[in-house]
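# Fold and contact review
Residue strings, one per chain:
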Amino acid sequence: MSTPEFIREIRAAGAGHLLLLLPGVTAVVFDDGGRVLLGRRADTGCWSVVGGIAEPGEQPAETAVREVYEETAVRCVPERVVLVQMLEPVTYANGDVCQYQDITFRCRATGGEARAADGELLEVAWFAPDALPPLEPFALNRIHRSLGDEPTWFEPPQPPQNA
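Below is a summary of the structure that appears in this document. (Residues numbered from 1 in each chain as written. Predicted model: local features only at pLDDT ≥ 70, side-chain atom pairs only at ≥ 80, totals over all residues. Heavy atoms only, no water.)

### Quick word on unusual backbone geometry
- Backbone geometry places Ala 73, a non-glycine residue, at a positive phi of 65 degrees.
- Within the secondary structure, Ala 73 sits in the loop between helix 2 (60-72) and strand 5 (74-86).
- Classification of Ala 73 as buried rests on a relative accessible area of 8%. (Helix = DSSP H or I, 4+ residues; strand = E, 2+ residues; numbered from the N terminus. Buried < 20%, exposed > 50% of the residue type's maximum accessible area, 1.4 Å probe, protein only.)

Written out as structure tokens, the structure reads:
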């Protein structure tokens, strides 16, 4: 994932490597045949679902559509929110620390020809849900939840400690 310019500006303006809470969006895209769109990431070499950081003023569903098109050249329409989750903080090689609040959308492909479009992915492909390549738990969980029709998943609040 390339770092958006607004985050570089925040870090340069004094945040340095301090923890930034960032709005992340994941898109689990299915075609009419029920296959899921995956990309093999350039930074890790691993297959995963498509995602990215919302730009200032951008609605999460708009982020999902933009990220899918920028990274894969596939057009899509968000159908529902699958999951909302605060992820664990990540420390990058340069020392930057980020924590993402992820909103995952189930999306339907509406056009375009799947290809690695912007350099963030090495390759892009459609996979049947029962024939997925090796995936991290993050991606597997989101695909699994996108296949069902359950209500939006979220981590339940912890009970107060002084109750």
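### Some details on the packing of aromatic side chains
- Evaluated as defined, the whole model comprises 1 aromatic pair.
- Here the aromatic rings of Trp 47 and Phe 127 are separated by 5.1 Å at their centres, their planes lie at 80 degrees, and the arrangement is edge-to-face. With Trp 47 in strand 3 (residues 47-48) and Phe 127 in strand 8 (residues 121-127), this pair connects stretches of sequence that are 80 residues apart. For the pair Trp 47 and Phe 127, one class covers both residues: buried. (Phe/Tyr/Trp six-rings, centres within 6.5 Å; stacked < 30°, edge-to-face > 60°.)

### Quick look at the nonpolar core
- In this structure, Ala 27, Val 29, Leu 37, Ala 64, Val 68 and Cys 107 are the most contacted members of the largest nonpolar core, which totals 14 residues.
- The set of elements that each furnish at least two residues to this core consists of strand 1 (20-30), helix 2, strand 5, strand 7 (97-112) and strand 8.
- Leaving out residues up to four positions away in the same chain, Val 29 has contacts with Arg 35, Val 36, Leu 37, Val 68, Cys 76, Cys 107, Arg 108, Ala 109 and Trp 126.
- Val 28, Phe 30, Leu 135 and Ala 139 belong to the second largest nonpolar core, which has 10 residues in total. (Core = buried A, V, L, I, M, F, W, Y, C linked by side-chain atoms within 4.5 Å. Contact = heavy atoms within 4.5 Å.)

### Concerning the pattern of salt bridges
- In total, this model carries 11 salt bridges according to the counting rule given.
- Here Glu 5 makes a salt bridge to Arg 8, at a shortest N to O gap of 3.8 Å. Here Glu 5 pairs with Arg 8, and both are found in helix 1 (residues 5-15), just 3 residues apart, close to one helical turn.
- Residue classification places Glu 5 among the partly exposed residues on the basis of a relative accessible area of 46%.
- Overall, the relative accessible area of 45% leaves Arg 8 in the partly exposed class.
- When the shortest N-O distance is used, the salt bridge between Arg 106 and Glu 79 registers 3.0 Å. On the criterion of sequence distance, the pair formed by Arg 106 in strand 7 and Glu 79 in strand 5 is long-range, its members being 27 residues apart.
- Glu 79 sits in the partly exposed class, given a relative accessible area of 41%.
- Three or more residues joined by partner-sharing salt bridges are found here, namely Glu 58, Arg 66, Glu 67 and Glu 70. (Salt bridge = Lys/Arg side-chain N within 4 Å of Asp/Glu carboxyl O.)

### Considerations on helix 2
- Along its 13 residues, helix 2 runs 18 Å from first to last C-alpha, staying within 8% of the 18 Å computed at 1.5 Å per residue.
- Buried within helix 2 we find Thr 63, Ala 64, Arg 66, Glu 67, Val 68, Glu 71 and Thr 72.
- One or two steps after helix 2, the chain reaches Ala 73, where phi turns positive at roughly 65 degrees. (Expected span 1.5 Å × (residues − 1).)

### Digging into the side chain of Arg 142
- Following the sequence through the fold, Arg 142 ends up in helix 3 (residues 137-147).
- In this structure Arg 142 comes out as buried when scored by relative accessible area, which is 1%.
- Once residues lying within four places of it in the same chain are set aside, the contact partners of Arg 142 are Thr 26, Val 28, Val 82, Leu 83, Gln 85, Leu 87, Asp 102 and Thr 104.

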